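Below, each chain spelled out in residue letters.
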Amino acid sequence: MMRLKKIPLILMGCGGVGQQLLQHIVTCRPLHAKHGLHLRVLGVCDSRSILVTNDIFTAELGDSSLHAVCRVKSSGASLSASSDGFGGDCQVLSDSEAPRKVVDIAGLLGRSTGLVVVDCSASPETVEVLKDIIDHGCCIVLANKKPLTTEMKDYEKLLSNIRRIRYESTPTSLCWETGYIDDVVQVGAGLPVISSINRVLTSGDPISRVVGSLSGTLGYVMSEVEDGKPFSQVVRAAKCLGYTEPDPRDDLSGMDVARKALILARLLGSQLDLSDIKVESLYPDEMGSTAMSTEDFLQDGLASLDVGIAERIKVAASNGCVLRYVCVVEEPRCQVGLQELPKDSPLGRLRGSDNVVEIYSRCYKDSPLVIQGAGAGNDTTAAGVLADIVDIQDLFK
């Protein structure tokens, strides 16, 4: 009988993506077993607590407990308020105990069996926990992009051992934020952008430019208004479809795309911070959240933007182009906003909520390397996270 390599892991954030990841782990048990692998889930954190096995060295949260976690979180409850059904071999610790417990476990396992900490939250605050985890020699896998878009010193700390970090699902992820370790509803997918860029760079082929549509929401909006629909109508429809955040201005501001662009820029070697990126918002400052409620923006503010957007669409069409909301990473600049692009280019042909990234290098100078795929779905994002976990199995005995 094949000996199973057991990889201990802790999940931070069990919203949409986190729940889907747990379901993938359970579903893939037979497949992983065929390859001699077993993922041993020691704990799961939400914004208020951690559910953790009583014996981190030999035990784990059983599959029935993982299913119970998903049921509790899908109902909107916290783990701390719903301890029934998790079994007697685990405990729930609340509030400030949760991050400390994760670090303690990392200290105990980091230099022995090893540990993977998976961040599927949307919180910038997890960076402090993640830095401690790195110090203990553990691995981290990120769907949460915010730790990678904080100050450069934090970024460099997290990537101080490049073999122990994976973050393939961060460039195409969009999260609704709700707490310390936020429950995530993610609109994005685990496209192989990071691994593709790393593959090009490590081959000695310098990348000169990356252009990408990294928001499924804004990709959908711009392709719909291209068909002649009013901007306000399309944004409201996107909100009804669940493509936008509760306040669509969080998408229309471009800041989420800017965070993704920063990850790509830093991957290419730029020493940039978020404040260095030129970001075009699709609404003026006087319509910001401090000046106008979400309801007023949806009812009155959006409609006032229709004429301006329609005019820009018309101008782009007269130039034989279409308008897309993209990031452009090209040393020394990194900018995010509306760009006129040829209709027959990969980005120009973009429809719906797909994400598209064009990578230009010496070898891909005239015909870029193009990565395209679904820009919406917890399932695909969780699959990307799971692939990242499996990818580091060689670091475990």
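Since we're looking at a predicted model, the values are computed, not measured.

(A) Spatial organisation of the packing of helix α7 (residues 193-202) against helix α11 (residues 255-267). Where α7 meets α11, the closest approach of the two axes is 11 Å, and the angle between their N-to-C directions is 20 degrees. Here α11 runs roughly parallel to α7, going by the angle between their axes. Both α7 and α11 take part in a crossing whose hand is right-handed. Of the residues in α11, those touching α7 at V193, I194, I197, N198 and L201 are I263, L264 and L267. Here the contact of α7 with α11 is composed, by residue class, of seven nonpolar, one polar and no charged.

(B) Quick look at the sheet that holds strand β8 (residues 207-213). Taken together, the six strands give an open sheet; going across it, the order is β9-β11-β10-β8-β12-β13, and neighbouring strands pair in mixed fashion. Single-partner strands in this sheet number two, and they are β9 (278-279) and β13 (369-373). The pairing of strand β10 (residues 321-330) with strand β11 (residues 333-342) spans 10 bridges and is antiparallel. Its bridge partner lying in β11, L323 is registered against E340.

(C) Representation of the pattern of salt bridges within the structure. In this structure the tally under the stated criterion is 21 salt bridges. E60 is the salt-bridge partner of R29, the closest N and O atoms lying 3.9 Å from each other. Of this pair, R29 sits in helix α2 (residues 29-34) while E60 sits in the loop between β3 (49-53) and α3 (63-74); the two residues are 31 residues apart in sequence, bridging distant segments of the chain. By relative accessible area, E60 is classed as partly exposed at 21%. Its salt-bridge partner being R324, residue E226 comes within 2.8 Å of it at the nearest N-O pair. You can see E226 sitting in the loop between α8 (216-225) and α9 (231-240) and its partner R324 sitting in strand β10, a full 98 residues away along the chain. Judged by relative accessible area, which is 1%, R324 ranks as buried. Connected via shared salt-bridge partners are E128, K131, E151, K153 and D154.

(D) How the structure looks around unusual backbone geometry. A cis amide bond, omega 10 degrees, links E331 with the succeeding residue P332. Tracing the backbone shows P332 in the loop between β10 and β11.

(E) Representation of the environment of I389 in the model. With respect to the helices and strands, the residue I389 is situated in helix α14 (residues 378-391). Note on I389: relative accessible area 0%, which makes it buried. In the structure, I389 is positioned 43 residues away from P346 in sequence and 30 Å away in space, judged by C-alpha atoms. Beyond its immediate sequence surroundings of up to four residues, I389 is in contact with L9, L21, L39, V118 and V141.

(F) Representation of the confidence of the model for the chain within the structure. Averaged over all residues, the pLDDT of the chain is 90; the fraction at 70 or higher stands at 94%. A low-confidence stretch, residues 174-189 stays under pLDDT 50, and its non-local contacts, those more than four residues away or across chains, total 90 contacts.

(G) Representation of the sheet that holds strand β1 (residues 5-12). Strand order in the open sheet formed by seven strands is β4-β3-β2-β1-β5-β6-β7, with mixed pairing between adjacent strands. Since the sheet does not close on itself, it has two edges, and those belong to β4 (90-94) and β7 (165-166), each with one partner. Of the pairings in the sheet, the one linking strand β6 (residues 139-142) to β7 comprises two bridges and is parallel in character. Considered in β7, the bridge of V141 is made with R166.

(H) Broad picture of the side chain of S253. When you line up the elements, S253 lands in the loop between α10 (249-252) and α11. At a separation of 3.4 Å, a polar atom in the side chain of S253 contacts the main-chain carbonyl oxygen of D250. A polar contact of 3.3 Å, which involves the side chain of S253, links it to the backbone nitrogen of M255. Ignoring sequence-local partners within four residues, the contact set of S253 consists of V279, E280, S281, Y283 and Y325.

(I) A look at the packing of helix α1 (residues 16-27) against α14. Contact geometry of α1 with α14 gives a least axis separation of 8 Å together with a crossing angle of 60 degrees. Here α14 runs oblique to α1, going by the angle between their axes. Every pair of crossing elements has a handedness; the one defined by α1 and α14 is right-handed. Where α1 approaches α14, its residues G16, V17, Q20, L21, H24 and I25 are matched on the opposing element by N378, D379, T381, A382, A383, V385, L386 and I389.

(J) Structural view of the nonpolar core. Formed by 80 residues in total, the largest nonpolar core has its most connected members in L115, I133, L148, L158, Y167, F231 and L252. By residue number, the principal contributor to this core is α11, which donates eight residues. Discounting residues that sit within four places of it in the chain, L158 has contacts with V127, L130, K131, I134, I140, P147, L148 and I165. Within the second largest apolar cluster, 36 residues are counted, among which are L9, L22, A68 and I389.

(K) Region of interest: the state of the cysteines. Tallied over the full model, the rule gives zero disulfides. The thiol of C327 is unpaired, and the distance to the nearest cysteine sulfur, on C334, comes to 6.5 Å. Here C327 falls in the buried class, since its relative accessible area comes to 0%.

Here is what the cut-offs are and how they apply
- Residues numbered from 1 in each chain as written.
- Predicted model: local features only at pLDDT ≥ 70, side-chain atom pairs only at ≥ 80, totals over all residues.
- Heavy atoms only, no water.
- Axes fitted to C-alpha atoms, helices over the stretch in contact; angles between N-to-C directions.
- Helix = DSSP H or I, 4+ residues; strand = E, 2+ residues; numbered from the N terminus.
- Parallel < 35°, antiparallel > 145°, perpendicular 65-115°, else oblique.
- Left-handed = near helix turned anticlockwise from the far one by under 90°.
- Contact = heavy atoms within 4.5 Å.
- Nonpolar A, V, L, I, M, F, W, Y, C, P; charged D, E, K, R; others polar.
- Pairing = 2+ DSSP bridges.
- Salt bridge = Lys/Arg side-chain N within 4 Å of Asp/Glu carboxyl O.
- Buried < 20%, exposed > 50% of the residue type's maximum accessible area, 1.4 Å probe, protein only.
- pLDDT = per-residue confidence, 0-100.
- Polar contact = N/O pair within 3.5 Å; in protein donor to acceptor, adjacent residues only side chain to side chain.
- Core = buried A, V, L, I, M, F, W, Y, C linked by side-chain atoms within 4.5 Å.
- Disulfide = S-S within 2.5 Å.

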